[in-house]
Amino acid sequence: MKICFCDSYAIGGLAGGEDKDSFWRVVAQCTAALPENKPRYVMGVGYPLDIVVCSALGADMYDCVYPTRTARFGTALVSEGVLKLKNKAMADDTRPIDPSCDCMVCKNYTRAYIHCLVTVDAMGSQLVSYHNLYYMMKLSRDLHSSIIDGKFPEFVCDFLQKMFPKGDVPQWVCNAMEVAGIDISSCCVLP
Ligand SMILES: [Zn+2]
């Protein structure tokens, strides 16, 4: 195992149940005050949406039990949000968890099969964990390369469009993106 210690700043004490508008404002305040040449790590974050928002605000690193914890409840992460594999509707769904995902689980197992497992056996949650970790790694890679390519705003809009196809992007996300200087008006419906 390789352990890497690097000079960085941790932003902690969040993700403890505070409202989302307070959450992003504290992250924004911290990232604005911290030196730009040192990594900023937001402890205990988070949901895919939180990671995209915090990255827009200048955070670099995260850690969270969410992908594996939610897998133990039979919930898979997908670009539309979440897929609840314990749901009865999954019992005869022969599609993979996410047809666009290249992971080993999506290549080999159907929703129906995983539904059978998660409703009776812990093995099911291992498969969902595998997919969820793959999802988070791909999200991180795509987010990272969009920054390198100078296409981060497009990445954010694409992410939000898939998660909120009706344009009902939460107000706190709109507020945070305004401060981050990212125009997401193309993926929001006006109230
Ligand atoms: Zn997958």
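Placed above this text is the structure.
As the structure is a computational prediction, the values presented were derived from the model and not from experiment.

## Examining the nonpolar core
As a rule of thumb, nonpolar side chains are buried together in soluble globular proteins.
Thinking step 1. One finds Leu49, Val53, Val156, Leu160 and Ile184 to be the most contacted residues of the largest nonpolar core, which totals 40 residues.
Thinking step 2. Where this core is concerned, the elements lending two or more residues are α1 (20-33), α2 (48-56), α6 (123-148), α7 (152-163) and α8 (171-180).
Thinking step 3. Aside from chain neighbours lying at most four places away, what touches Val156 is Val52, Met177, Ile182 and Ile184.
Thinking step 4. Counting residues in hydrophobic clusters, the runner-up holds 16 residues, among them Leu85, Cys103, Ile114 and Val118.

## Some points on the pattern of salt bridges
Thinking step 1. Counting across every chain of the model gives 8 salt bridges.
Thinking step 2. Residue Arg25 is joined to Asp21 by a salt bridge in which the shortest nitrogen-to-oxygen separation is 3.4 Å. In this pair, Arg25 and Asp21 are both assigned in helix α1, 4 residues apart and thus about one turn of the helix distant.
Thinking step 3. Through salt bridges with shared partners, one network takes in Asp93, Arg95 and Arg111.

## Remarks on the coordination of the zinc ion
Thinking step 1. Each protein donor to the zinc ion is listed here as Cys101 (SG), Cys103 (SG), Cys106 (SG) and His131 (ND1); together their distances run 2.1 to 2.4 Å.
Thinking step 2. Donor residues for the zinc ion, ordered by position in the chain, follow C-x1-C-x2-C-x24-H. With a gap of 28 residues between them, Cys103 in the loop between β5 (81-84) and α4 (104-108) and His131 in helix α6 connect regions that are remote in the sequence. One exposure class covers both Cys103 and His131, and it is buried.

## Points about the environment of Val78
Thinking step 1. Along the chain, Val78 turns up in strand β4 (residues 75-78).
Thinking step 2. The class for Val78 is buried, based on a relative accessible area of 5%.
Thinking step 3. Placed 50 residues apart in sequence, Val78 and Val128 show a C-alpha to C-alpha distance of 11 Å.
Thinking step 4. Sequence-distant contacts of Val78, that is, excluding residues within four places in its chain, are made with Leu83, Ile97, Asp98, His131 and Tyr135.

Conventions used here
Residues numbered from 1 in each chain as written. Predicted model: local features only at pLDDT ≥ 70, side-chain atom pairs only at ≥ 80, totals over all residues. Heavy atoms only, no water. Core = buried A, V, L, I, M, F, W, Y, C linked by side-chain atoms within 4.5 Å. Buried < 20%, exposed > 50% of the residue type's maximum accessible area, 1.4 Å probe, protein only. Helix = DSSP H or I, 4+ residues; strand = E, 2+ residues; numbered from the N terminus. Contact = heavy atoms within 4.5 Å. Salt bridge = Lys/Arg side-chain N within 4 Å of Asp/Glu carboxyl O. Donors = N, O, S within 2.8 Å, 3.2 Å for Na, K, Ca; no water.

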